[in-house]
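Observations on chain architecture
So you can see what is in the structure, the chains are spelled out below.
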Amino acid sequence: MNEHRPVCIHKDGVFLLDDAGGLSGFADFLGTVYESEDKKERDELRAWAKSLGWSEKKIANKRIL
């Protein structure tokens, strides 16, 4: 799980960081969403996150705050 690290970005309407349990919960979320072999868990987390406005879209490094 060393490939994905949480980064702070600004995006209106996204409350996923708080709902995931802060930075450590968000890091776990990213690990599950991108690296989990459990397809059902991964799909359920993605659906939940998308309902909060999260997007899987990659963000250019220069746009990261």
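For the structure itself, look to the data block above.
Read on for a plain summary of the structure.

Definitions and cut-offs
- Residues numbered from 1 in each chain as written.
- Predicted model: local features only at pLDDT ≥ 70, side-chain atom pairs only at ≥ 80, totals over all residues.
- Heavy atoms only, no water.
- Salt bridge = Lys/Arg side-chain N within 4 Å of Asp/Glu carboxyl O.
- Helix = DSSP H or I, 4+ residues; strand = E, 2+ residues; numbered from the N terminus.
- Buried < 20%, exposed > 50% of the residue type's maximum accessible area, 1.4 Å probe, protein only.
- Contact = heavy atoms within 4.5 Å.
- Expected span 1.5 Å × (residues − 1).

A few words now on the pattern of salt bridges. Inspection of the entire model under this criterion finds one salt bridge. Of the charged contacts, one joins K39 and D43 as a salt bridge, the two residues approaching to 2.9 Å between their closest N and O atoms. One end of the pair is K39 and the other is D43, both in helix α3 (residues 39-51) and four residues apart, which spans about a single turn. On the accessibility criterion, D43 (33% relative accessible area) is partly exposed.

For the rest of this paragraph, the subject is the side chain of T32. Tracing the backbone shows T32 in helix α2 (residues 22-35). On the basis of relative accessible area, T32 is assigned to the buried category, the value being 15%. Excluding anything up to four places from it in sequence, T32 contacts E41, R42 and L45.

This paragraph deals with α2. Taking 1.5 Å per residue, 14 residues should reach 20 Å; α2 reaches 19 Å between its end C-alpha atoms and fits that length. Listed in full, the buried residues belonging to α2 are G25, F26, F29, L30, G31, T32 and V33. Along its buried surface, α2 packs onto α1 (16-19) and α3.

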